[in-house]
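Take a look at the letters that make up each chain.
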Amino acid sequence: VQLVVVLGHSKCGAIQATINSLQQPSADHSPSLQFIVDQIKPSVESLKEAGVDEKNADLLQQAIRTNVQTSMSHLSQDSQVLKELVTNKGLRIVGAEYSLDTGVVEFFDADL
Ligand SMILES: [Zn+2]
């Protein structure tokens, strides 16, 4: 089976930086960090729109997972090549999260 794994990880500094920049929009980032923050921002914003409080300690954890899911849909919808492989060749795109604390990789239930 051909497989694409989108692997997020706990304590992700890029996602934390995105949360910080939404709380403090004036914060200055290097252009390369700003680029990454801009990619992640929609995932964090969608959680806030869904009512997750930005002071919530779970926001980072939830944003890590949401960002994996967002990346999975981008891969399967925006790439004609991958879309074709999923439809015709049984390619699977799955999401998972790597815990830096335990070393465990937890695969999410739903794939695309
Ligand atoms: Zn990271």
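Check the entry above for the structure.
This is a predicted model, so every value here is computed, not measured.

### Regarding a nonpolar patch on the surface
Among the surface-exposed residues, L3, V5, L7, Y98, L100, V105 and F107 lie close enough to one another that they form a single nonpolar patch of about 600 Å² accessible area. Sorting the residues of the nonpolar patch by element identifies β1 (3-9) and β3 (105-107) as the ones contributing at least two each. The biggest single contributor to the nonpolar patch is β1, with three residues. By the element assignment, Y98 lies in strand β2 (residues 92-98). For Y98, a relative accessible area of 31% puts it in the partly exposed group.

### Re the nonpolar core
Judged by nonpolar contacts, C12, I15, I19, L22, I40, V44, L47, V52, L59, L60, A63 and I64 together constitute the single largest core of twelve residues. When contributions to this core are tallied by element, the ones reaching two or more residues are α1 (13-23), α2 (31-49) and α3 (58-78). No other element matches the four residues that α3 contributes to this core. Not counting residues within four places of it along the chain, the set of residues in contact with I64 comprises G8, H9, S10, K11, C12, I15 and E97. Core analysis: the next-biggest nonpolar cluster, separate from the first, contains seven residues, V6, V68, L82 and F108 among them.

Rules used throughout
- Residues numbered from 1 in each chain as written.
- Predicted model: local features only at pLDDT ≥ 70, side-chain atom pairs only at ≥ 80, totals over all residues.
- Heavy atoms only, no water.
- Patch = residues over 30% accessible without salt bridge, like charges linked within 9 Å, V, L, I, M, F, W, Y side chains within 5 Å.
- Areas by Shrake-Rupley, 256 points an atom, 1.4 Å probe, with all protein chains shown as cover.
- Salt bridge = Lys/Arg side-chain N within 4 Å of Asp/Glu carboxyl O.
- Helix = DSSP H or I, 4+ residues; strand = E, 2+ residues; numbered from the N terminus.
- Buried < 20%, exposed > 50% of the residue type's maximum accessible area, 1.4 Å probe, protein only.
- Core = buried A, V, L, I, M, F, W, Y, C linked by side-chain atoms within 4.5 Å.
- Contact = heavy atoms within 4.5 Å.

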